[in-house]
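# Examining the three-dimensional arrangement
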Amino acid sequence: MHPPLVEPLTVLAAPAEPVTTAGDGQLVLAALLGIAAVVLLIAWAKVHPFLSLILGAAVLGVVASVAPDKMIASFTGGVGTTVGGVGLLIALGAMIGGLLAESGGADGIVNRVVGRVSGRALPWAMAGVAALIGLPLFFEVGVVLLVPIVLLVSMRTDVPLMKLGIPALAGLSVLHGLVPPHPGPLVAISSLDADLGLTLGLGLLVAIPTVIISGPVFGNLIARYVPATAPAALLPTRRQPAHPTGATGTTGTAGTTDRRDVDGDLLTDDDLVNPGGGRPGEPVDDSGTETARRTPAFWPAVITVLLPVVLMLLRAIGELTLDEGTAGRKTLDIIGTPIVALLAGVILAMFTLGYQAGFSRSQVSSVLGGSLPPIAGILLIVAAGGGFKQVLVDAGVGNLVADAAKDANLSPLLLGWLVAVGIRVATGSATVATITAAGIVAPLAATLDRPGVALLALAIGCGSLFFSHVNDAGFWLVKEYFGLTVGQTIKSWSVMETLISVIGFAGVLLLDLVV
């Protein structure tokens, strides 16, 4: 998956020493059987993905002759790293999304987007917005901030979910893999001693056509074959629609009077956990506040969503312009850390979206708490995906692919791309693929000119995005957020990632002819 955004928890860190002495053939067999076990358990046996990933990691470890204690340490280390990074971001992003939806702020954004952009232009707008905020944004952060908007726009406009979701995911993924200051490209630039500014410029040239083809164009095609429907639990609904007294769908008894607000909507359970009430599903206390409620203005809602983006962008600018160790650089490093930036977004949202909408303190607390239960399953599945990936890495599958490519007689660009592809498919980690591939081809960088070294870094970045599947926690993140089956996720997300990798590499080869 994409890189963890915080340092691993020390207690849960996976073992540094090799966890098995299995031969190459045994490791290949173990990786294939582990991945096959996950797919079969989910698709055929209908086992929950969380359990399937745990059992798949066990199959992998047993076939690879990994000692049980080392297998457990490796898996829990991967889980801890993933939860410590991606898990916290998902939770904080969900809180911002919850306040955005419950206050009506998301409605305002959706209405503005829908009102200004026609149906045919919506996928292009989504791709453009995702690519723009993807410049400073980590992939996982972008997903948790954009998904609520994508779901609402799809629901409001009746545009197929994949037609909007794929362009948004493509914009985020392309920028994450090809353009600094994202971790992968920066690692490749450092390892190859490439020029950062030149790599950034060439990366943007490659990114634009790649986003267009793998985003709106592919999204329009795949929407015909993947009729996705947003998960009901993740659809942000502020109120239930009004029904006649005693009509079907209500729990009221004929002849009784339903409690309604000034708009005529029912004041019933809105599926939030109310900490004050002490039980899930208890309605938020709306008494005495409905008449005072008001939808947040458009720009405060937008500023709230963009605050984490701006803070992380400031950190990236600081890394490029300020000397390390200066007070300004340290300050920007702290406030631009994804967890800190999203936490600041949550705090701002409490005021601009919560209190500004007329919510009391207990109601704001209810919304924040109620935003977490719907994502509990996503957190566990993503965490298990991180554990499965870590067992693959610690067993030596990534090193196996790297060693096989060391003596290959190929051009540096093709070799870098192929090595990154192999390690990405084997381990699910774009960062591991980037670091390993850059290390292998680094000696060849000395034979290339400055543009050639920059293109080599981009070729490795393209390869690190190839075919995300069940060993990538990002695969499960997309699957659960968009309510897809494993097969649908492969048809849409996995194929999209492959298109990004291949089209991006083709762009690198074309640039190699002219620069």
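Residues numbered from 1 in each chain as written. Predicted model: local features only at pLDDT ≥ 70, side-chain atom pairs only at ≥ 80, totals over all residues. Heavy atoms only, no water.

## Side note on unusual backbone geometry
- The backbone phi angle of Asp 193 is positive, close to 60°, even though this residue is not glycine.
- Relative to the elements of secondary structure, Asp 193 occurs in the loop between helix H8 (183-192) and helix H9 (196-222).
- Of note, the phi angle at Phe 467 is positive, near 40°, even though the residue is not glycine.
- The residue Phe 467 is located in the loop between helix H18 (450-463) and helix H19 (473-481) in this model. (Helix = DSSP H or I, 4+ residues; strand = E, 2+ residues; numbered from the N terminus.)

## A closer look at helix H12 (residues 338-354)
- Counted at 1.5 Å a residue, the expected span for H12 with its 17 residues is 24 Å, and the 22 Å between its end C-alpha atoms agrees.
- Leu 348 marks the point of greatest bend in H12, at about 30°.
- Looking at the buried positions of H12, the neighbouring elements they touch are helix H3 (68-102), helix H6 (139-157), helix H10 (298-321), helix H11 (327-335) and helix H13 (361-370). (Expected span 1.5 Å × (residues − 1). Bend = angle between axes of the 7 residues up to and from the residue. Contact = heavy atoms within 4.5 Å.)

## Remarks on the nonpolar core
- If you look at the biggest cluster of nonpolar residues, it comprises 140 residues, and the most contacted ones within it are Met 162, Trp 476, Tyr 481 and Phe 482.
- Setting aside residues up to four positions removed in sequence, Trp 476 forms contacts with Val 38, Ile 42, Pro 49, Leu 53, Ile 381, Gly 385, Val 470 and Val 486. (Core = buried A, V, L, I, M, F, W, Y, C linked by side-chain atoms within 4.5 Å. Buried < 20%, exposed > 50% of the residue type's maximum accessible area, 1.4 Å probe, protein only.)

## Let's talk about the environment of Met 496
- Tracing the backbone shows Met 496 in helix H20 (residues 486-514).
- Residues Met 496 and Ser 468, spaced 28 residues apart in sequence, show a C-alpha to C-alpha distance of 9.0 Å.
- Setting aside residues no more than four positions away along its own chain, Met 496 makes contact with Ile 166, Leu 169, Ala 170, Ser 173, Ser 214 and Phe 218.

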